[in-house]
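Descriptive structure summary
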Amino acid sequence: MFPRRVVLGVTGGIAVYKSCELLRRLLDRALDVTVVPTENSLRFVGAATWEALSGKPAISSLWQDVSGGAHVEVARAAELILIAPTTADFIARLAQGRSDDLLSATVLTAECPVVIIPAMHHQMWQNPATIENVRTLRARGILVMEPAEGPLNNGDVGVGRFPEIFEIFDFLGEHKLLKSDLLGSQVVVTAGGTREMIDPVRFIGNLSSGKQGIALAKAAAARGAKVQLIAANIEESLLPRDKAIEIIKVGSTAELGRALDGLSSFDLLFMAAAVADYRPAMANSSKIKRDGSVRSLDLVENPDLLAQLASKQMSAERRGIIVGFAAESAIDEAAAREKLNRKGVDFLFVNDIATNEVFNSDSNGGILISRDGERLSLQYQPKDTLSHALLDAVAQGIG
Ligand code: CTP
(Lines give C-alpha, C1' and ligand atoms only; values in the text may rest on other atoms or scores of the structure.)
Protein backbone atom coordinates (compact mmCIF):
# COMPACT_ATOMS: atom_id res chain seq x y z
CA MET A 1 0.00 0.00 0.00
CA PHE A 2 1.22 3.46 -0.87
CA PRO A 3 0.96 6.14 1.85
CA ARG A 4 -2.18 8.27 1.68
CA ARG A 5 -1.94 10.29 4.91
CA VAL A 6 0.99 12.64 4.58
CA VAL A 7 2.49 15.18 6.95
CA LEU A 8 4.12 17.95 4.93
CA GLY A 9 6.65 19.60 7.22
CA VAL A 10 7.96 23.00 6.17
CA THR A 11 10.95 24.71 7.74
CA GLY A 12 12.21 28.26 7.51
CA GLY A 13 14.02 28.77 4.22
CA ILE A 14 13.13 30.96 1.26
CA ALA A 15 12.17 27.86 -0.77
CA VAL A 16 9.05 27.54 1.42
CA TYR A 17 6.98 29.27 -1.24
CA LYS A 18 7.72 26.38 -3.61
CA SER A 19 6.11 24.02 -1.11
CA CYS A 20 2.74 25.70 -1.69
CA GLU A 21 2.86 24.24 -5.19
CA LEU A 22 4.17 20.94 -3.82
CA LEU A 23 1.16 20.81 -1.49
CA ARG A 24 -1.21 21.44 -4.42
CA ARG A 25 0.37 18.65 -6.41
CA LEU A 26 0.16 16.26 -3.43
CA LEU A 27 -3.54 17.14 -3.05
CA ASP A 28 -4.03 16.46 -6.77
CA ARG A 29 -3.05 12.91 -5.97
CA ALA A 30 -5.97 12.73 -3.57
CA LEU A 31 -3.55 12.43 -0.64
CA ASP A 32 -4.69 13.51 2.80
CA VAL A 33 -2.09 16.16 3.68
CA THR A 34 -1.57 17.89 7.04
CA VAL A 35 0.90 20.76 6.95
CA VAL A 36 3.15 21.21 9.99
CA PRO A 37 5.16 24.42 9.60
CA THR A 38 7.94 25.47 11.96
CA GLU A 39 7.59 28.86 13.65
CA ASN A 40 10.40 30.31 11.50
CA SER A 41 8.86 29.09 8.26
CA LEU A 42 5.78 31.19 9.07
CA ARG A 43 7.91 34.30 8.50
CA PHE A 44 7.99 33.30 4.83
CA VAL A 45 4.54 31.73 4.33
CA GLY A 46 1.82 32.17 6.95
CA ALA A 47 -0.44 29.53 8.46
CA ALA A 48 -3.42 31.02 6.59
CA THR A 49 -1.92 29.96 3.27
CA TRP A 50 -1.36 26.38 4.43
CA GLU A 51 -4.80 26.19 5.99
CA ALA A 52 -6.54 27.57 2.92
CA LEU A 53 -4.67 25.24 0.58
CA SER A 54 -4.94 22.07 2.69
CA GLY A 55 -8.32 22.78 4.25
CA LYS A 56 -6.90 21.82 7.66
CA PRO A 57 -5.34 23.59 10.65
CA ALA A 58 -1.58 24.12 10.29
CA ILE A 59 -0.18 23.91 13.82
CA SER A 60 3.46 24.68 14.67
CA SER A 61 3.69 24.67 18.41
CA LEU A 62 3.57 21.88 20.92
CA TRP A 63 1.63 24.26 23.16
CA GLN A 64 -1.40 24.38 20.92
CA ASP A 65 -3.93 21.58 21.33
CA VAL A 66 -2.05 20.24 24.37
CA SER A 67 -4.94 18.10 25.59
CA GLY A 68 -5.18 16.45 22.16
CA GLY A 69 -1.48 15.57 22.28
CA ALA A 70 -1.06 17.07 18.81
CA HIS A 71 2.32 15.54 17.98
CA VAL A 72 1.21 12.06 19.01
CA GLU A 73 -1.99 12.38 17.00
CA VAL A 74 -0.28 13.82 13.93
CA ALA A 75 2.52 11.26 14.08
CA ARG A 76 0.17 8.34 14.68
CA ALA A 77 -1.97 9.23 11.70
CA ALA A 78 0.94 9.85 9.33
CA GLU A 79 1.91 7.27 6.73
CA LEU A 80 4.64 9.51 5.34
CA ILE A 81 6.42 12.57 6.68
CA LEU A 82 7.83 14.77 3.93
CA ILE A 83 9.83 17.78 5.08
CA ALA A 84 10.31 20.26 2.26
CA PRO A 85 12.24 22.46 2.38
CA THR A 86 14.48 21.32 5.21
CA THR A 87 17.00 23.86 6.49
CA ALA A 88 20.49 23.05 7.76
CA ASP A 89 19.27 24.02 11.22
CA PHE A 90 16.35 21.62 11.14
CA ILE A 91 18.62 18.82 9.90
CA ALA A 92 20.91 19.53 12.87
CA ARG A 93 17.98 19.46 15.26
CA LEU A 94 16.75 16.15 13.88
CA ALA A 95 20.25 14.71 14.14
CA GLN A 96 20.23 15.67 17.83
CA GLY A 97 16.82 14.15 18.36
CA ARG A 98 15.31 17.47 19.50
CA SER A 99 11.58 17.73 20.02
CA ASP A 100 10.83 21.33 20.98
CA ASP A 101 8.30 22.06 18.26
CA LEU A 102 5.48 20.09 16.67
CA LEU A 103 7.42 19.04 13.57
CA SER A 104 10.52 17.74 15.36
CA ALA A 105 8.37 16.03 18.00
CA THR A 106 6.27 14.45 15.24
CA VAL A 107 9.37 13.03 13.55
CA LEU A 108 10.60 11.66 16.86
CA THR A 109 7.26 10.01 17.58
CA ALA A 110 6.43 8.68 14.11
CA GLU A 111 7.04 5.17 12.88
CA CYS A 112 6.38 5.89 9.21
CA PRO A 113 8.98 6.76 6.51
CA VAL A 114 10.49 10.24 6.79
CA VAL A 115 11.74 12.02 3.68
CA ILE A 116 13.79 15.19 3.76
CA ILE A 117 14.20 17.65 0.91
CA PRO A 118 17.07 19.94 1.93
CA ALA A 119 17.36 23.43 0.47
CA MET A 120 20.04 25.86 1.60
CA HIS A 121 23.04 27.83 0.51
CA HIS A 122 25.68 25.52 -1.04
CA GLN A 123 28.27 26.38 1.62
CA MET A 124 25.85 25.28 4.34
CA TRP A 125 25.09 22.04 2.46
CA GLN A 126 28.80 21.32 2.05
CA ASN A 127 29.75 22.26 5.60
CA PRO A 128 31.21 19.26 7.48
CA ALA A 129 28.61 19.74 10.23
CA THR A 130 25.73 19.35 7.75
CA ILE A 131 27.47 16.46 5.97
CA GLU A 132 27.86 14.70 9.32
CA ASN A 133 24.24 15.39 10.30
CA VAL A 134 22.92 14.12 6.96
CA ARG A 135 25.01 10.96 7.37
CA THR A 136 23.50 10.48 10.84
CA LEU A 137 19.95 10.90 9.53
CA ARG A 138 20.55 8.49 6.64
CA ALA A 139 22.02 5.94 9.04
CA ARG A 140 18.76 6.16 11.00
CA GLY A 141 16.76 5.36 7.90
CA ILE A 142 15.60 8.87 7.03
CA LEU A 143 15.58 9.41 3.27
CA VAL A 144 17.49 12.55 2.37
CA MET A 145 17.19 13.75 -1.21
CA GLU A 146 20.21 15.48 -2.76
CA PRO A 147 19.45 19.14 -3.45
CA ALA A 148 19.61 20.37 -7.03
CA GLU A 149 22.47 22.35 -8.51
CA GLY A 150 21.93 25.80 -9.97
CA PRO A 151 21.40 29.46 -9.09
CA LEU A 152 20.85 30.08 -5.37
CA ASN A 153 19.04 32.91 -3.68
CA ASN A 154 21.86 35.46 -3.38
CA GLY A 155 23.22 35.12 -6.90
CA ASP A 156 25.62 32.27 -6.10
CA VAL A 157 25.51 29.03 -8.03
CA GLY A 158 25.94 25.62 -6.44
CA VAL A 159 24.32 22.55 -4.91
CA GLY A 160 21.56 23.50 -2.51
CA ARG A 161 18.52 24.38 -4.61
CA PHE A 162 15.06 23.05 -3.86
CA PRO A 163 14.48 20.38 -6.56
CA GLU A 164 11.74 20.62 -9.18
CA ILE A 165 8.48 19.12 -7.97
CA PHE A 166 8.57 16.36 -10.57
CA GLU A 167 12.04 15.41 -9.27
CA ILE A 168 10.66 15.15 -5.73
CA PHE A 169 7.84 12.97 -7.07
CA ASP A 170 10.35 10.80 -8.96
CA PHE A 171 12.36 10.42 -5.75
CA LEU A 172 9.25 9.39 -3.80
CA GLY A 173 8.28 7.06 -6.65
CA GLU A 174 11.70 5.38 -6.64
CA HIS A 175 11.28 4.68 -2.92
CA LYS A 176 7.78 3.29 -3.46
CA LEU A 177 6.23 6.16 -1.51
CA LEU A 178 4.19 7.61 -4.34
CA LYS A 179 2.42 6.08 -7.26
CA SER A 180 3.98 6.90 -10.60
CA ASP A 181 2.57 3.86 -12.33
CA LEU A 182 1.34 5.78 -15.39
CA LEU A 183 4.68 7.40 -16.17
CA GLY A 184 5.13 7.43 -19.96
CA SER A 185 1.54 6.43 -20.74
CA GLN A 186 -0.90 8.32 -22.89
CA VAL A 187 -4.35 8.68 -21.36
CA VAL A 188 -7.40 10.16 -23.07
CA VAL A 189 -10.44 11.32 -21.10
CA THR A 190 -13.67 12.62 -22.59
CA ALA A 191 -15.73 14.72 -20.20
CA GLY A 192 -18.80 16.92 -20.04
CA GLY A 193 -21.86 16.63 -22.23
CA THR A 194 -22.34 17.16 -25.94
CA ARG A 195 -24.85 19.71 -27.22
CA GLU A 196 -26.89 19.40 -30.39
CA MET A 197 -27.95 22.78 -31.68
CA ILE A 198 -31.59 23.36 -32.55
CA ASP A 199 -30.96 26.95 -33.59
CA PRO A 200 -28.18 29.42 -32.69
CA VAL A 201 -29.41 29.73 -29.08
CA ARG A 202 -31.09 26.44 -28.20
CA PHE A 203 -29.73 22.97 -27.91
CA ILE A 204 -30.41 19.42 -26.77
CA GLY A 205 -27.99 18.79 -23.93
CA ASN A 206 -27.60 17.00 -20.63
CA LEU A 207 -26.66 17.69 -17.02
CA SER A 208 -23.10 16.37 -17.11
CA SER A 209 -20.75 18.88 -15.46
CA GLY A 210 -17.55 17.12 -16.54
CA LYS A 211 -16.32 16.85 -12.93
CA GLN A 212 -15.79 13.07 -13.05
CA GLY A 213 -13.79 13.27 -16.26
CA ILE A 214 -11.73 16.15 -14.91
CA ALA A 215 -10.99 14.21 -11.73
CA LEU A 216 -9.85 11.27 -13.85
CA ALA A 217 -7.63 13.49 -16.00
CA LYS A 218 -6.01 15.00 -12.91
CA ALA A 219 -5.56 11.62 -11.24
CA ALA A 220 -3.91 10.14 -14.34
CA ALA A 221 -1.64 13.18 -14.72
CA ALA A 222 -0.73 12.99 -11.04
CA ARG A 223 0.40 9.41 -11.61
CA GLY A 224 2.69 10.42 -14.43
CA ALA A 225 0.51 10.10 -17.54
CA LYS A 226 0.34 12.52 -20.44
CA VAL A 227 -3.37 13.29 -20.69
CA GLN A 228 -5.62 14.58 -23.44
CA LEU A 229 -8.86 15.85 -21.99
CA ILE A 230 -11.60 16.19 -24.59
CA ALA A 231 -13.92 18.64 -22.88
CA ALA A 232 -17.49 18.98 -24.09
CA ASN A 233 -19.08 22.21 -22.86
CA ILE A 234 -17.36 22.30 -19.49
CA GLU A 235 -17.43 25.47 -17.44
CA GLU A 236 -14.11 27.24 -17.98
CA SER A 237 -13.27 27.59 -14.27
CA LEU A 238 -13.44 23.82 -13.79
CA LEU A 239 -10.87 23.02 -16.48
CA PRO A 240 -7.51 21.94 -15.04
CA ARG A 241 -4.38 23.96 -15.69
CA ASP A 242 -1.66 21.38 -15.77
CA LYS A 243 1.22 21.00 -18.20
CA ALA A 244 0.53 17.28 -18.41
CA ILE A 245 -3.10 17.81 -19.49
CA GLU A 246 -3.86 18.98 -23.02
CA ILE A 247 -7.41 20.27 -23.34
CA ILE A 248 -9.35 19.79 -26.57
CA LYS A 249 -12.67 21.65 -26.49
CA VAL A 250 -15.65 20.27 -28.39
CA GLY A 251 -19.34 21.14 -28.59
CA SER A 252 -21.42 18.61 -30.49
CA THR A 253 -21.25 14.84 -30.82
CA ALA A 254 -19.88 15.29 -34.36
CA GLU A 255 -17.04 17.46 -32.99
CA LEU A 256 -16.32 14.93 -30.27
CA GLY A 257 -16.23 12.23 -32.95
CA ARG A 258 -13.72 14.23 -35.00
CA ALA A 259 -11.55 14.81 -31.92
CA LEU A 260 -11.53 11.06 -31.23
CA ASP A 261 -10.72 10.31 -34.88
CA GLY A 262 -7.80 12.71 -34.66
CA LEU A 263 -6.20 10.93 -31.72
CA SER A 264 -2.96 9.13 -32.20
CA SER A 265 -2.52 5.94 -30.21
CA PHE A 266 -3.33 5.85 -26.51
CA ASP A 267 -2.86 3.43 -23.65
CA LEU A 268 -6.05 4.15 -21.78
CA LEU A 269 -9.27 5.94 -22.71
CA PHE A 270 -12.04 6.94 -20.30
CA MET A 271 -15.22 7.82 -22.16
CA ALA A 272 -16.83 9.78 -19.34
CA ALA A 273 -18.60 12.28 -21.61
CA ALA A 274 -22.38 12.11 -21.82
CA VAL A 275 -23.00 11.88 -25.53
CA ALA A 276 -26.32 12.87 -27.09
CA ASP A 277 -27.88 9.89 -28.81
CA TYR A 278 -29.95 12.06 -31.17
CA ARG A 279 -29.60 15.42 -32.87
CA PRO A 280 -32.08 17.62 -34.73
CA ALA A 281 -32.27 16.54 -38.36
CA MET A 282 -31.67 20.18 -39.27
CA ALA A 283 -30.31 22.98 -37.12
CA ASN A 284 -32.04 26.26 -37.92
CA SER A 285 -29.52 28.89 -38.97
CA SER A 286 -31.54 31.65 -37.33
CA LYS A 287 -33.42 31.77 -34.03
CA ILE A 288 -36.76 29.99 -34.25
CA LYS A 289 -39.64 32.42 -33.72
CA ARG A 290 -42.59 31.81 -31.45
CA ASP A 291 -44.97 31.84 -34.36
CA GLY A 292 -46.06 28.23 -34.23
CA SER A 293 -44.04 27.31 -37.32
CA VAL A 294 -41.97 24.73 -35.36
CA ARG A 295 -43.90 22.54 -32.93
CA SER A 296 -41.89 19.34 -33.04
CA LEU A 297 -38.32 18.37 -33.70
CA ASP A 298 -37.25 15.81 -36.21
CA LEU A 299 -34.36 13.86 -34.72
CA VAL A 300 -31.72 11.67 -36.32
CA GLU A 301 -29.54 9.21 -34.50
CA ASN A 302 -25.94 10.03 -33.66
CA PRO A 303 -23.31 7.36 -34.18
CA ASP A 304 -22.21 5.42 -31.12
CA LEU A 305 -18.74 6.94 -30.84
CA LEU A 306 -17.57 4.53 -28.19
CA ALA A 307 -18.59 1.44 -30.15
CA GLN A 308 -16.94 2.85 -33.27
CA LEU A 309 -13.75 3.62 -31.42
CA ALA A 310 -13.63 0.21 -29.75
CA SER A 311 -14.06 -1.56 -33.07
CA LYS A 312 -11.34 0.62 -34.65
CA GLN A 313 -9.02 -0.26 -31.77
CA MET A 314 -9.40 -3.98 -32.53
CA SER A 315 -7.26 -3.49 -35.62
CA ALA A 316 -4.96 -0.84 -34.13
CA GLU A 317 -1.27 -1.56 -33.87
CA ARG A 318 -1.15 -0.52 -30.22
CA ARG A 319 -4.50 -1.42 -28.70
CA GLY A 320 -5.43 0.84 -25.82
CA ILE A 321 -7.70 -0.09 -22.93
CA ILE A 322 -11.14 1.48 -23.20
CA VAL A 323 -13.42 2.30 -20.27
CA GLY A 324 -17.02 3.27 -20.99
CA PHE A 325 -19.35 5.02 -18.55
CA ALA A 326 -23.05 4.52 -18.06
CA ALA A 327 -25.33 6.61 -15.89
CA GLU A 328 -28.38 4.47 -15.20
CA SER A 329 -31.59 5.05 -13.26
CA ALA A 330 -30.98 1.70 -11.54
CA ILE A 331 -28.05 -0.66 -11.75
CA ASP A 332 -29.01 -3.78 -13.67
CA GLU A 333 -25.85 -5.82 -13.95
CA ALA A 334 -27.07 -8.09 -16.72
CA ALA A 335 -28.04 -5.06 -18.81
CA ALA A 336 -24.68 -3.47 -18.02
CA ARG A 337 -22.86 -6.57 -19.27
CA GLU A 338 -24.94 -6.50 -22.42
CA LYS A 339 -23.99 -2.82 -22.89
CA LEU A 340 -20.28 -3.58 -22.31
CA ASN A 341 -20.41 -6.30 -24.99
CA ARG A 342 -22.46 -4.20 -27.38
CA LYS A 343 -19.94 -1.38 -27.14
CA GLY A 344 -16.96 -3.75 -27.28
CA VAL A 345 -15.16 -2.00 -24.41
CA ASP A 346 -12.80 -3.50 -21.83
CA PHE A 347 -14.53 -1.97 -18.80
CA LEU A 348 -17.80 -0.25 -18.07
CA PHE A 349 -18.33 1.92 -15.00
CA VAL A 350 -22.00 2.08 -14.11
CA ASN A 351 -23.41 4.59 -11.65
CA ASP A 352 -26.87 4.80 -10.23
CA ILE A 353 -28.16 8.32 -10.69
CA ALA A 354 -31.43 7.62 -8.89
CA THR A 355 -29.87 6.64 -5.53
CA ASN A 356 -26.94 9.05 -5.47
CA GLU A 357 -26.51 12.62 -6.44
CA VAL A 358 -24.03 12.43 -9.33
CA PHE A 359 -24.55 15.34 -11.72
CA ASN A 360 -22.57 18.39 -10.73
CA SER A 361 -21.73 16.63 -7.47
CA ASP A 362 -18.19 16.17 -6.17
CA SER A 363 -18.91 12.53 -5.33
CA ASN A 364 -19.78 9.43 -7.28
CA GLY A 365 -19.93 5.66 -6.86
CA GLY A 366 -21.06 2.55 -8.72
CA ILE A 367 -19.79 -0.72 -10.12
CA LEU A 368 -16.97 -1.38 -12.53
CA ILE A 369 -17.37 -4.47 -14.68
CA SER A 370 -14.80 -5.95 -17.01
CA ARG A 371 -14.93 -7.80 -20.29
CA ASP A 372 -13.49 -10.81 -18.40
CA GLY A 373 -16.58 -10.96 -16.23
CA GLU A 374 -15.10 -9.35 -13.13
CA ARG A 375 -16.89 -6.84 -10.96
CA LEU A 376 -15.80 -4.21 -8.45
CA SER A 377 -18.15 -2.20 -6.32
CA LEU A 378 -16.93 1.35 -5.62
CA GLN A 379 -18.67 3.14 -2.79
CA TYR A 380 -20.03 6.68 -3.09
CA GLN A 381 -16.96 8.87 -2.45
CA PRO A 382 -15.23 12.04 -3.69
CA LYS A 383 -14.66 11.93 -7.45
CA ASP A 384 -10.91 12.36 -6.99
CA THR A 385 -10.45 9.30 -4.77
CA LEU A 386 -12.88 7.37 -6.97
CA SER A 387 -10.71 8.25 -9.97
CA HIS A 388 -7.65 6.77 -8.28
CA ALA A 389 -9.63 3.64 -7.41
CA LEU A 390 -10.75 3.34 -11.05
CA LEU A 391 -7.17 3.78 -12.26
CA ASP A 392 -5.96 1.15 -9.77
CA ALA A 393 -8.62 -1.31 -10.88
CA VAL A 394 -8.11 -0.75 -14.61
CA ALA A 395 -4.30 -0.84 -14.31
CA GLN A 396 -4.47 -4.16 -12.48
CA GLY A 397 -7.21 -5.61 -14.67
CA ILE A 398 -9.68 -4.92 -11.80
CA GLY A 399 -7.73 -6.55 -8.93
N1 CTP B 1 -21.60 6.91 -25.98
C2 CTP B 1 -21.02 7.23 -27.20
N3 CTP B 1 -21.78 7.66 -28.24
C4 CTP B 1 -23.11 7.76 -28.10
C5 CTP B 1 -23.74 7.44 -26.88
C6 CTP B 1 -22.94 7.03 -25.83
O7 CTP B 1 -19.81 7.15 -27.31
N8 CTP B 1 -23.83 8.19 -29.15
C9 CTP B 1 -20.75 6.43 -24.88
C10 CTP B 1 -20.80 7.29 -23.62
O11 CTP B 1 -19.77 8.23 -23.64
C12 CTP B 1 -20.57 6.26 -22.52
C13 CTP B 1 -21.14 4.98 -23.08
O14 CTP B 1 -21.24 5.17 -24.49
O15 CTP B 1 -19.20 6.04 -22.27
C16 CTP B 1 -22.45 4.59 -22.52
O17 CTP B 1 -23.38 5.64 -22.71
P18 CTP B 1 -24.94 5.39 -22.55
O19 CTP B 1 -25.65 6.67 -22.77
O20 CTP B 1 -25.17 4.65 -21.28
O21 CTP B 1 -25.14 4.37 -23.76
P22 CTP B 1 -26.26 4.26 -24.81
O23 CTP B 1 -25.68 3.45 -25.92
O24 CTP B 1 -26.78 5.60 -25.17
O25 CTP B 1 -27.31 3.37 -24.07
P26 CTP B 1 -28.76 3.73 -23.45
O27 CTP B 1 -29.70 3.14 -24.40
O28 CTP B 1 -28.76 3.07 -22.11
O29 CTP B 1 -28.84 5.24 -23.38
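Criteria and cut-off values
Residues numbered from 1 in each chain as written. Predicted model: local features only at pLDDT ≥ 70, side-chain atom pairs only at ≥ 80, totals over all residues. Heavy atoms only, no water. Axes fitted to C-alpha atoms, helices over the stretch in contact; angles between N-to-C directions. Helix = DSSP H or I, 4+ residues; strand = E, 2+ residues; numbered from the N terminus. Parallel < 35°, antiparallel > 145°, perpendicular 65-115°, else oblique. Left-handed = near helix turned anticlockwise from the far one by under 90°. Contact = heavy atoms within 4.5 Å. Nonpolar A, V, L, I, M, F, W, Y, C, P; charged D, E, K, R; others polar. Near = heavy atom within 4 Å. Polar contact = N/O pair within 3.5 Å; in protein donor to acceptor, adjacent residues only side chain to side chain. Areas by Shrake-Rupley, 256 points an atom, 1.4 Å probe, with all protein chains shown as cover. Patch = residues over 30% accessible without salt bridge, like charges linked within 9 Å, V, L, I, M, F, W, Y side chains within 5 Å. Salt bridge = Lys/Arg side-chain N within 4 Å of Asp/Glu carboxyl O. Domains from an automatic or database assignment.

Here the focus is the packing of helix α9 (residues 211–222) against helix α13 (residues 383–395). Running from amino to carboxyl end, α9 crosses α13 at an angle of 60 degrees, the nearest separation of the two axes being 8 Å. Relative to α13, α9 is oriented oblique. Crossing of α9 against α13: the hand is right-handed. Packed against α9, whose contacting residues are Lys211, Gln212, Ala215, Leu216, Ala219 and Ala220, the element α13 presents Lys383, Asp384, Leu386, Ser387, His388, Leu390 and Leu391 at the interface. In terms of residue class, the contact of α9 with α13 is made up of seven nonpolar, three polar and three charged.

The ligand sits among 15 residues. The nearest are Met271, Ala273, Leu306, Lys339 and Lys343. A distance of 2.8 Å separates an oxygen atom of the ligand from a polar atom in the backbone of Met271. In this structure, an oxygen atom belonging to the ligand sits 2.5 Å away from a side-chain N or O atom of Lys339. Out of a free accessible area of 560 Å², the ligand has 77% covered by protein chains. Every element with two or more residues in the shell around the ligand is listed here: α11 (305–314), β16 (321–328) and α12 (333–343). Residues that form the shell around the ligand fall into these classes: nine nonpolar, one polar and five charged.

On the surface, Tyr278, Val294, Leu297 and Leu299 cluster together into a nonpolar patch covering about 340 Å² of accessible area. Topologically, Tyr278 is positioned in strand β14 (residues 278–280).

Interfaces are often described in size by the accessible area the parts lose on coming together. Taken domain by domain, the protein chain holds domain 1 (5–174) and domain 2 (186–277 + 297–395). Measuring from the centre of the C-alpha atoms in domain 1 to the corresponding centre in domain 2 gives 38 Å.

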